[in-house]
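# Descriptive analysis of the structure
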Amino acid sequence: MTLDIQFLSDYVEIRQLNALYNRLADSGDGDAYAQLYTDGAEFHIVGNQTYCGRKEIASAANATKVTVHVTTEPEIEIDGDSASQRLRMLTVYRAEDLSKNDFVASGWYLDELKRTPDGWRYYRRRVELDLDINAVFEKMAVTDSFAALVKK
Amino acid sequence: MTLDIQFLSDYVEIRQLNALYNRLADSGDGDAYAQLYTDGAEFHIVGNQTYCGRKEIASAANATKVTVHVTTEPEIEIDGDSASQRLRMLTVYRAEDLSKNDFVASGWYLDELKRTPDGWRYYRRRVELDLDINAVFEKMAVTDSFAALVKK
Amino acid sequence: MTLDIQFLSDYVEIRQLNALYNRLADSGDGDAYAQLYTDGAEFHIVGNQTYCGRKEIASAANATKVTVHVTTEPEIEIDGDSASQRLRMLTVYRAEDLSKNDFVASGWYLDELKRTPDGWRYYRRRVELDLDINAVFEKMAVTDSFAALVKK
């Protein structure tokens, strides 16, 4: 079996998207970050809640400026203009004054993506952590920031 | 120099195999995991022992349900239907109840692979850890599980 | 958009270079490591200093035999025979007797590369750590080794 150039191109584009996502998620620039999702996308953090649409998704990114988002190997499947991905992630804590920098948790991103005129974009992203999410929020001192986001 | 499409295809297929390997190794589904090796493959864990053939390899996978297998950048060489790989790995501990999730050790996978009708498969995999392996087993509380596997 | 084979080839070659770099940086073989830079390259460690040319760059590599260099997803841009890369890195400590093996810090490599007859090479590499660099040097017990390198 030889993968064709379209698959190889899609594979590399999605990996570049994952890298860009991590950088924008780290930066706390929620608006730029939310552009990596399709309009109407859903971002579900298991144990927390589902953020629907770019505005809510941007607010979740803004709540976590002390997170370093690291991803490694994806399993990627492409079906025309749709793709799915299971992606290993590592969460690292970084104090803004660089006084602390610790491994926090491993987890998965389970993604569905769409090909758009701007390139591949996430339209369903699900995060599953390998540590109780309340322990993760505590380690990163973001419990209050995320509590403020909970839908009434 | 420009890499040809066959090399690029093999490179991506082997990276996808590494991702699938990590997922199946995490899951504790030893039988599915062992299918990623050729029949008659050898899996050598330095400081522990060599597991020969899919049945023994499956038993090693079943002993480590609390391990998160993470791999990052490989150096891959292809020679026709054979390939070799040096792959950086990180071992993370994850309690089944999600109460603990810690970095345990870094290490290497040193692999030889064969192209088969089902895709690339490992036929020699060697794990070298950067921490004494008994300390690794203790951190993950799997000392007894692995002791039970030792060949008489 | 479909990436062309030249881009895909360059992308894979740069990832292979990153993997080779990490291995040679770990090994403490400064001379082999320095060959991955162009002649006249600059390696800037933020908070430490800039190493200019292969001889100084080799000396920096020789100071850190207890470091495991891990990199994950790059964002790569190619412009003819030049490339730039933002690359997530993780620094892990490994005692030479394998008695300790700990996560130390995350950070970035910010790179500029040139296409050469030997393949892609770094000519500007900048390291930014997410932990105060003196804390990193202390955790790895390399404060004295790096102090000895400081230009008078």
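The structure we're discussing is the one just above.
A brief report on the enclosed structure follows.

Basis of the calculations
Residues numbered from 1 in each chain as written. Chains lettered and ligands numbered in written order. Predicted model: local features only at pLDDT ≥ 70, side-chain atom pairs only at ≥ 80, totals over all residues. Heavy atoms only, no water. Least-squares fit on C-alpha atoms with pLDDT ≥ 70 in both. Axes fitted to C-alpha atoms, helices over the stretch in contact; angles between N-to-C directions. Helix = DSSP H or I, 4+ residues; strand = E, 2+ residues; numbered from the N terminus. Parallel < 35°, antiparallel > 145°, perpendicular 65-115°, else oblique. Left-handed = near helix turned anticlockwise from the far one by under 90°. Contact = heavy atoms within 4.5 Å. Nonpolar A, V, L, I, M, F, W, Y, C, P; charged D, E, K, R; others polar. Phe/Tyr/Trp six-rings, centres within 6.5 Å; stacked < 30°, edge-to-face > 60°. Buried < 20%, exposed > 50% of the residue type's maximum accessible area, 1.4 Å probe, protein only. Buried area = accessible area lost by both parts, 1.4 Å probe. Salt bridge = Lys/Arg side-chain N within 4 Å of Asp/Glu carboxyl O. Polar contact = N/O pair within 3.5 Å; in protein donor to acceptor, adjacent residues only side chain to side chain. Pairing = 2+ DSSP bridges.

### Structural notes on the relation of the copies chain B and chain C
- Overlaying chain B on chain C yields an RMSD of 0.0 Å, the required transformation being a rotation through 120 degrees with an accompanying axial translation of 0.0 Å. Accordingly, the operation relating the two chain copies is best matched by a three-fold axis. No C-alpha of chain B lies nearer the rotation axis than that of Thr72(B), which sits 3.2 Å from it.

### Some remarks on the packing of helix H1 (residues 5–27) of chain A against helix H1 (residues 5–27) of chain B
- H1(B) packs onto H1(A) with a crossing angle of 50 degrees between their chain directions and a minimal axis gap of 10 Å. Taken together, the axis directions place H1(A) and H1(B) in an arrangement best described as oblique. The chirality of how H1(A) crosses H1(B) is left-handed. Across the interface between the two elements, Ile5(A), Phe7(A), Leu8(A), Tyr11(A) and Arg15(A) from H1(A) touch Ile5(B), Leu8(B), Ser9(B), Val12(B), Arg15(B) and Gln16(B) from H1(B).
- Class assignment of the residues belonging to the contact of H1(A) with H1(B) gives a composition of seven nonpolar, two polar and two charged.

### Notes on the packing of aromatic side chains
Residue and element names in this part refer to chain B.
- Applying the stated criterion across every chain yields a total of 30 aromatic pairs over all chains.
- Taking the centre distance of 5.3 Å and the plane angle of 75 degrees together, the rings of Tyr21 and Tyr122 count as edge-to-face. Taken together, the residues Tyr21 in helix H1 and Tyr122 in strand S6 (residues 119–129) connect sequence positions 101 residues apart.
- Taking the relative accessible area as the measure of exposure, Tyr122 reaches 0% and is therefore buried.
- Taken together, a centroid distance of 5.7 Å and an interplanar angle of 50 degrees make the contact between Tyr37 and Tyr122 tilted. Of the two residues, Tyr37 sits in strand S1 (residues 37–45) while Tyr122 sits in strand S6, which places them 85 residues apart along the sequence.

### Here's the deal with the interface of chain B and chain C
- The interface of chain B with chain C comprises 27 residues on the first partner and 26 residues on the second.
- Interface area for chain B against chain C, summed over the two sides, is near 2100 Å², with a carbon-plus-sulfur share of 57%.
- Taken as a group, Glu73(B), Glu75(B) and Asp130(B) account for 26% of the area that chain B buries against chain C, more than any other trio of residues on that side.
- Applying the counting criterion to the chain B and chain C interface returns three salt bridges.

### Details of the interface of chain A and chain B
- Taken together, the contacts link 27 residues of chain A with 26 residues of chain B.
- Buried surface at the junction of chain A and chain B, summed over both partners, amounts to about 2200 Å²; 57% is from carbon and sulfur atoms.
- Of all residues in chain A, Glu73(A), Glu75(A) and Asp130(A) give up the largest surface area on contact with chain B, accounting jointly for 26% of the area buried on that side.
- In this structure, the connection of chain A to chain B is made through three salt bridges.
- The interface formed by chain A and chain B holds eight residue pairs in polar contact (both at pLDDT 80 or more) in total.
- Of all elements in the fold, only H1, strand S3 (67–79), strand S4 (82–94) and strand S5 (101–116) of chain A reach the threshold of two or more residues within the side of chain A that touches chain B.
- Classifying every residue of the side of chain A that touches chain B gives 15 nonpolar, three polar and nine charged.

### Focus: the sheet that holds strand S2 (residues 50–52) of chain B
All names here are of chain B.
- With mixed pairing, the six strands of this open sheet are ordered in space as S2-S1-S6-S5-S4-S3. Of all strands in the sheet, those with a lone pairing partner are S2 and strand S3 (67–79), marking the two edges. Direction aside, the axes of adjacent strands within the sheet are offset by 20 degrees on average.
- Note that strand S5 (residues 101–116) and S6 share 10 bridges and pair antiparallel. Directly across from Gly107, in S6, lies its bridge partner Leu129.
- Here H1 sits on the sheet and contacts S1, S3, strand S4 (82–94), S5 and S6; the angle it forms with S3, its principal contact strand, is near 160 degrees.

Function-wise, these values are silent; they only describe arrangement.
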